[in-house]
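What the coordinates show
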Amino acid sequence: MNSKLSASLRKSAIIGVSVGALTFGAWGTANASDYYQQFGGKAGITALINTFVGNVANDPHINYYFAHANIPALKFALVNQVCMAVGGPCKYTGPNMTDAHRGMQITTAAFNYLSQDMINAMDAHRIPIGAQNYLLSLLAPMEPQIVTATGPLG
Ligand code: HEM
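Computed from a predicted model, the values in this text were never measured in an experiment.

Before going further, it helps to examine the site of the ligand. Around the ligand, the surrounding shell holds 21 residues, and the nearest of these are Tyr 65, Phe 66, Asn 70, Gln 81 and His 101. For the ligand, an oxygen atom lies 2.8 Å from a polar atom in the backbone of Asn 70. Within the side chain of His 101, an N or O atom sits 2.8 Å from a nitrogen atom of the ligand. Counting residues per element, the ones that place at least two in the shell around the ligand are α4 (71-85), α5 (97-100) and α6 (108-124). Broken down by element, the shell around the ligand gets its largest block of residues, 4 residues, from α4. Here the residues of the shell around the ligand sort into 18 nonpolar, 3 polar and no charged.

A pair of packed helices is characterised by two quantities: the angle between their axes and the separation of those axes. Packing of helix α3 (residues 41-57) against α6 brings their axes to within 9 Å, and their N-to-C directions diverge by 135 degrees. The orientation of α3 relative to α6 falls into the category oblique. As for the relative orientation of α3 and α6, their crossing is right-handed in sense. Each of Leu 48, Ile 49, Thr 51, Phe 52, Asn 55 and Val 56 in α3 lies in contact with α6, whose residues at this interface are Leu 114, Asp 117, Met 118, Asn 120, Ala 121 and Met 122. Taken together, the residues that form the contact of α3 with α6 break down as 8 nonpolar, 3 polar and 1 charged.

Moving on, we come to the UniProt feature "binding site: heme" (unreviewed entry) in the protein. Under the present numbering, the feature "binding site: heme" (unreviewed entry) in UniProt falls on His 101. Following the sequence through the fold, His 101 ends up in the loop between α5 and α6. A polar atom in the side chain of His 101 sits 2.9 Å from the backbone oxygen of Met 97.

Among the nonpolar cores identified, the biggest contains 30 residues, and Phe 39, Ile 45, Ile 49 and Phe 52 are the most heavily contacted of them. Among the secondary structure elements, those contributing two or more residues to this core are α2 (32-38), α3, α4, α6 and α7 (129-139).

Let us now look at the pattern of salt bridges. Summed over the entire model, instances satisfying the criterion amount to 1 salt bridge. Asp 99 is the partner of Arg 102 in a salt bridge, and the nearest nitrogen-oxygen pair spans 2.2 Å.

Turning next to the environment of Leu 135. Counting through the fold element by element, Leu 135 comes out in helix α7. For Leu 135, a relative accessible area of 0% puts it in the buried group. Along the primary structure Leu 135 and Tyr 35 are separated by 100 residues, whereas in three dimensions their C-alpha atoms are 8.8 Å apart. When near neighbours in sequence (up to four residues on either side) are disregarded, Leu 135 contacts Phe 39, Val 82, Ala 85, Val 86, Met 118 and Met 122.

Here is what the cut-offs are and how they apply
- Residues numbered from 1 in each chain as written.
- Predicted model: local features only at pLDDT ≥ 70, side-chain atom pairs only at ≥ 80, totals over all residues.
- Heavy atoms only, no water.
- Near = heavy atom within 4 Å.
- Polar contact = N/O pair within 3.5 Å; in protein donor to acceptor, adjacent residues only side chain to side chain.
- Helix = DSSP H or I, 4+ residues; strand = E, 2+ residues; numbered from the N terminus.
- Nonpolar A, V, L, I, M, F, W, Y, C, P; charged D, E, K, R; others polar.
- Axes fitted to C-alpha atoms, helices over the stretch in contact; angles between N-to-C directions.
- Parallel < 35°, antiparallel > 145°, perpendicular 65-115°, else oblique.
- Left-handed = near helix turned anticlockwise from the far one by under 90°.
- Contact = heavy atoms within 4.5 Å.
- UniProt positions renumbered as here; feature names shortened; annotations may be inferred.
- Core = buried A, V, L, I, M, F, W, Y, C linked by side-chain atoms within 4.5 Å.
- Buried < 20%, exposed > 50% of the residue type's maximum accessible area, 1.4 Å probe, protein only.
- Salt bridge = Lys/Arg side-chain N within 4 Å of Asp/Glu carboxyl O.

Spelled out as structure tokens, the structure:
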């Protein structure tokens, strides 16, 4: 191959790789700290948790579970937990999910209502759908630690 042609092929291969990398960056799977940005950082997560806890408080299916809750402490714990989960510089230092929910008689239905309250809060804050799904994919596997009771809906 003449050297001019091989140089131009090398060049186009490099352009191909960098276009591929850009494509991946724009449309591929985001990394954890991209998700933190998509949640609006610490301020965005704090606003999201305020809305979420408000939704739970207004949700007649599950709000009685929280009748004796320490709401400021719960919000603080949730902000740190979500911030850490989405790749932010926070640390959740509270109890694990089994200990935090022991004896609360939480059902699968209650877990699902709470998840919907989080989805509604994320929609209200215009969190991109990929970032929403990322957080939900981290919360869903906690269900076996949290759900300890069977209700009329299972
Ligand atoms: C993935 C889902 C859930 C997550 C990530 C989660 C997370 C948490 C966290 C971080 C705490 C604070 C623990 C502490 O600092 O002591 C907590 C407490 C609590 N959670 Fe959950 N939770 C979930 C689901 C639920 C569900 C479905 C219910 C009931 C419907 C529920 C009811 C409560 C209550 C009543 C408290 C105690 C609040 C207090 O006594 O001050 N949680 N949860």
